[in-house]
Amino acid sequence: MNVLFASSEVTPFSKTGGLADVSGSLPPALARLGHEVTVVTPAYRHTKQLGLALETLEVPLEIPIGSKLVRGRVLRCQMPGGVNVILIEQDDYFDRAQLYTENGSDYKDNCERYVFFCRAVMELIRLLELPIDVIHCNDWQTGLLPALLRIEYQHARGYEDIVTVMTIHNMAYQGQFWHWDMLLTGLDWKYFNWRQMEFWGDLNLLKTGLIFADGITTVSERYAEEIQSQPMGCGLEDVLAQRRSDLTGIINGVDYEVWNPKTDSHLAANFDASDWQAGKALCKAALQRELGMTESPRTPLLGFVGRLADQKGLDLLAEVIGQWAGTEDVQWAILGTGDPRYHQLLTQLAKAHPGKIGLSLAFSDSLAHRIEAGIDMFMMPSRFEPCGLNQLYSLKYGSLPIVRATGGLADTVCDANATTIANGTASGFAFVDYDTRELEQTLARAVAMYRDQPDAWQRVVGNAMHQDWSWEASAGKYAELYASLAARRTDSRENVGETS
Ligand code: ADP
C-alpha cells in the first residue's frame with residue numbers, strides 16, 4: 001500500500017510528546033512490512049536547525065486561506081530506514097520557538113497554521129503525483145484532511161481511491177476554535193452543523209476528522225472503550241459510540257533502535273535482560289550525581305519524565321513526594337515541562353529536600369534516557385492515558401512502572417501479586433482509583449518488595465525486560481486496517497456501479 005502519514009510532530013524532526021515518537025517509528029515499521037510510506041510534517045525552526053540535508057522541490061505550493069493566498073515551500077529528506085519525508089516550509093506559521101504554545105498560551109493562529117498544513121498535504125499529492133492509497137491522519141492538527149478529501153478532492157484524478165484513517169492520540173486536545181475560523185477552512189458553512197464540524201458553537205477539527213474519516217483508531221484497546229463514554233470521551237463520546245464499528249484500538253509500539261539499554265549511547269553503562277544489575281547500578285549512581293542527589297545504591301530511586309500536566313497525575317505525585325520526602329528513605333528523579341503551577345510546586349519541594357529530589361524543568365531527550373536507565377521505578381499515576389510510552393520504555397530498562405490502571409497503562413502493565421509473580425506475567429504495580437492513598441499504598445508495596453524481596457524483584461524486572469512491545473505486531477494491524485478500508489471502498493464503488 002502507498003501510505004501518506006500526516007503528523008504535526010515526528011521524531012527526530014520535532015517533538016512535544018508521544019505523537020512524535022509514534023510518527024517517527026510507525027512509518028519505518030510499515031516500510032519494513034513492504035509498504036511505501038511518505039511522512040508529511042511541518043518544517044519548524046527546530047527542524048531546520050538540525051543540519052539535515054534537505055532537498056528543495058521546485059513545486060508551486062500556493063494555498064488559499066480565507067481570502068489570502070499563502071505560499072509555502074516543499075522540502076524532502078529521508079528518515080533512517082528509507083522512509084520519504086516531506087517537510088512543509090512556511091516560516092510565518094512554523095518558524096517559531098515552540099510547536100503549539102509559548103509561555104503557557106496557545107498560538108492564536110493555531111487553526112490557520114494547521115488548515116494551511118492540511119491543504120498543503122492535499123495539494124502535494126497532485127503536485128508530486130504521489131500515488132496514495134491511504135492518508136493516515138494523526139490528532140486534531142490533521143483532522144481537516146478527511147473532510148477535504150471527501151468534500152473537495154475525492155472526485156479529482158489521483159484522489160478517487162484514497163481512504164483515510166484518523167488516529168486519536170489524545171481526546172483531550174481537539175483543536176477547538178471560534179466559529180469564524182470556519183472561513184479559514186475554505187469549506188462551505190453548510191458543514192458547520194452539529195453532525196459534522198461544529199461542537200457547541202465552535203469549530204472542532206478532531207470531531208471533523210472523526211466524522212469524515214473512513215476508519216478511526218486510537219492507541220490502546222482500553223482507551224478505545226473508555227472514550228465512548230464520559231468523561232474520557234471529552235464531549236465527543238457520542239460521535240465515537242456512533243462510529244463504534246469503525247473504531248479500533250491498536251497499542252503503540254516502541255522503537256527499540258532508540259530505546260534499548262543494550263545500545264543506548266546516552267548511558268553511563270549498557271545492560272540487557274540477561275545481565276542488568278551491574279550496568280543499571282552504574283547508571284543509577286551516574287544519575288544521582290547528575291541530578292545532585294546523594295549517591296546511595298540501595299535507596300529506591302523513583303522517576304518521572306513527561307509533560308507536567310493534570311493528565312499525568314502530577315497533583316497526586318506532588319502530594320506523595322511532599323509526604324514521603326520528609327520521612328522515607330527514597331529519592332525522586334523528575335524531568336518535565338508544562339504547567340507553571342507544577343514548575344513552582346516541584347521547585348519548592350526540591351529546595352526543601354536537597355539530595356532527595358533531583359529536578360530538571362527542561363526538555364531533554366538524553367536525560368530522559370538516563371532517567372529511564374538509572375531509576376528503580378517509574379511513576380505514571382495518570383488521570384487518563386491513551387497509550388503512554390514511558391511505561392513501555394521503563395519495562396525495557398528494568399525500571400518497574402507504577403501506574404494507574406487506565407487506557408494503555410492498563411493494557412501494558414501487569415500488577416505484581418503472588419499469582420502474577422508465580423506465573424511470570426508480573427511487570428509492575430498498578431492501582432485503580434485516582435486517589436493519593438491508593439498511589440501511596442501501591443508505592444509502599446513496590447518499595448517493600450524492592451527492599452525485602454530481592455528475588456521477587458529480580459524476577460519481575462526480568463519479566464519486564466523480556467517483554468516485546470516492538471512495532472511489528474501493531475504495524476501489521478494498521479496494515480490490515482488499511483487493506484480492509486481499501487477493499488470496502490472498492491466494494492462500495494462497485495455497488496454504486498451496479499445500481500446506477
Ligand atoms: P504524552 O504523549 O501524553 O506526552 P507519552 O508517554 O505517550 O505521553 O509520551 C511522552 C514522550 O515524550 C516520551 O518519549 C517522553 O520521554 C517524552 N517527554 C515528555 N516530556 C519530556 C521532557 N521534559 N524531556 C524529554 N522527553 C520528554
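Before reading further, recall that the structure is shown in the block above.
Residues numbered from 1 in each chain as written. Predicted model: local features only at pLDDT ≥ 70, side-chain atom pairs only at ≥ 80, totals over all residues. Heavy atoms only, no water.

Enquirer: Report on unusual backbone geometry, specifying residues and quantitative values.
Expert: Each neighbour pair has its own omega, and for Thr11 with Pro12 the value is 10°, a cis peptide bond. Its place among the elements puts Pro12 in the loop between strand 1 (2-6) and helix 1 (18-32). Of note, the bond from Gln230 into Pro231 is cis; its omega dihedral lies within 30 degrees of zero at -5°. Within the secondary structure layout, Pro231 lies in the loop between helix 8 (221-226) and helix 9 (237-242). In the Ramachandran plot, Asn103 falls in the positive-phi region, its phi being about 50° despite a non-glycine side chain. Relative to the assigned elements, Asn103 resides in the loop between strand 6 (101-102) and strand 7 (105-106). With a relative accessible area of 78%, Asn103 lands in the exposed category. For Asp139, which is not glycine, the phi dihedral falls at a positive 65°. (Helix = DSSP H or I, 4+ residues; strand = E, 2+ residues; numbered from the N terminus. Buried < 20%, exposed > 50% of the residue type's maximum accessible area, 1.4 Å probe, protein only.)

Enquirer: How would you explain the sheet that holds strand 1 if you had to name every residue and give the values?
Expert: Taken in spatial order, the nine strands line up as 3-4-5-2-1-8-9-13-14 in an open sheet, and their pairing is mixed. Two strands bound the open sheet, and with one partner strand each, they are strand 3 (55-65) and strand 14 (247-249). Taken over all neighbouring pairs, the strand axes of this sheet differ in orientation by 25° on average, direction set aside. Note: strand 8 (residues 134-138) against strand 9 (residues 163-168), five bridges, orientation parallel. Directly across from Val134, in strand 9, lies its bridge partner Val163. (Pairing = 2+ DSSP bridges. Axes fitted to C-alpha atoms, helices over the stretch in contact; angles between N-to-C directions.)

Enquirer: Pulling in residues and values, what's your account of the sheet that holds strand 17 (residues 357-360)?
Expert: Read from one edge of the open sheet, six strands run 17-16-15-18-19-20, paired in parallel fashion. The two strands at the open ends of the sheet, each matched to only one other strand, are strand 17 and strand 20 (429-431). Neighbour-to-neighbour, the strand axes of this sheet turn through a mean angle of 15°, independent of strand direction. Sheet contacts for helix 11 (residues 314-327): strand 15 (301-308), strand 16 (331-338), strand 17 and strand 18 (377-380); angle to strand 16, the most-contacted strand, approximately 150°. Each of strand 15, strand 16, strand 17 and strand 18 touches helix 13 (residues 365-374); the most contacted strand, strand 16, lies at about 150° to it. (Contact = heavy atoms within 4.5 Å.)

Enquirer: Residues and numbers for the pattern of salt bridges, please.
Expert: Close approach of charged atoms lets side chains of opposite charge pair. This structure, assessed with the given rule, holds 24 salt bridges. When the shortest N-O distance is used, the salt bridge between Arg119 and Glu152 registers 2.8 Å. Within this pair, whereas Arg119 is found in helix 4 (residues 110-127), its partner Glu152 is found in helix 5 (residues 144-153), the two being separated by 33 residues in sequence. Owing to a relative accessible area of 5%, Arg119 belongs among the buried residues under this scheme. Here Arg126 and Glu123 are joined by a salt bridge, their closest N and O atoms 2.4 Å apart. (Salt bridge = Lys/Arg side-chain N within 4 Å of Asp/Glu carboxyl O.)

Enquirer: Lay out the site of the ligand in plain terms, naming residues and giving numbers.
Expert: Residues in close proximity to the ligand total 19 residues, the closest being Lys15, Gly18, Asp21, Arg307 and Ala362. Between the ligand and Lys312, the relevant distance is 2.9 Å, taken from an oxygen atom to a side-chain nitrogen or oxygen of the residue. When the free accessible area of the ligand is taken as 560 Å², the share hidden by the protein chains comes to 93%. Elements with a contribution of two residues or more to the shell around the ligand: helix 1, strand 15, strand 16 and helix 14 (390-396). Looking at the shell around the ligand residue by residue, the class counts come to seven nonpolar, eight polar and four charged. (Near = heavy atom within 4 Å. Polar contact = N/O pair within 3.5 Å; in protein donor to acceptor, adjacent residues only side chain to side chain. Areas by Shrake-Rupley, 256 points an atom, 1.4 Å probe, with all protein chains shown as cover. Nonpolar A, V, L, I, M, F, W, Y, C, P; charged D, E, K, R; others polar.)

Enquirer: An account of the environment of Leu443 is needed here, citing residue identities and associated values.
Expert: Mapping Leu443 onto the fold places it in helix 17 (residues 436-452). For Leu443, a relative accessible area of 0% puts it in the buried group. The spatial distance from the C-alpha of Leu443 to the C-alpha of Arg32 is 40 Å, given a sequence separation of 411 residues. When near neighbours in sequence (up to four residues on either side) are disregarded, Leu443 contacts Leu302, Val320, Trp324, Trp332, Met379 and Ile402.

Enquirer: Could you give an account of the packing of helix 11 against helix 12 (residues 340-352), naming the residues involved and the relevant values?
Expert: The geometry of helix 11 relative to helix 12 is characterised by a closest axis approach of 11 Å and an angle of 15° between their N-to-C directions. Classified by the interaxial angle, the pair formed by helix 11 and helix 12 is roughly parallel. Once helix 11 is placed against helix 12, the crossing between them reads as left-handed. Counting all contacts with helix 11, which are made through Leu314, Asp315, Ala318, Ile321 and Gly322, the residues of helix 12 involved are Tyr342, Leu345, Leu346 and Leu349. Within the contact of helix 11 with helix 12, the residues separate by chemical class into seven nonpolar, one polar and one charged. (Parallel < 35°, antiparallel > 145°, perpendicular 65-115°, else oblique. Left-handed = near helix turned anticlockwise from the far one by under 90°.)

Enquirer: Residues and numbers for the packing of aromatic side chains, please.
Expert: According to the stated counting rule, one finds 17 aromatic pairs in the structure shown. Where Tyr114 meets Trp140, the ring centres are 5.5 Å apart and the plane angle is 80°; that geometry is what we call edge-to-face. Here the residue Tyr114 occupies a position in helix 4, and Trp140 occupies one in the loop between strand 8 and helix 5, the gap between them amounting to 26 residues. Across the pair, Trp140 and Tyr114 agree in class, each one buried. Ring geometry for Trp259 against Tyr393: centres 3.9 Å apart, planes inclined by 5°, an arrangement best described as stacked. Taken together, the positions of Trp259 in the loop between strand 14 and helix 10 (277-290) and Tyr393 in helix 14 put the pair 134 residues apart, joining distant regions of the chain. (Phe/Tyr/Trp six-rings, centres within 6.5 Å; stacked < 30°, edge-to-face > 60°.)

Enquirer: Run through the pairing of strand 16, naming residues and quoting values.
Expert: Across the eight residues of strand 16, six count as buried, placing the element largely inside the fold. Pairing of strand 15 with strand 16, which is carried by eight bridges, proceeds in the parallel orientation. Along strand 16, the bridge assignment pairs Val305 with Leu335. For the crossover that starts at strand 15, traverses helix 11 and ends in the parallel strand 16, the hand is right-handed. As judged from the four bridges shared by strand 16 and strand 17, these two strands associate in the parallel manner. If you follow Ile334 over to strand 17, its bridge partner there is Leu359. Since strand 16 and strand 17 lie parallel, the crossover through helix 12 that links them has a hand, and here it is right-handed. (Right-handed = clockwise from strand over helix to strand, strands pointing away.)

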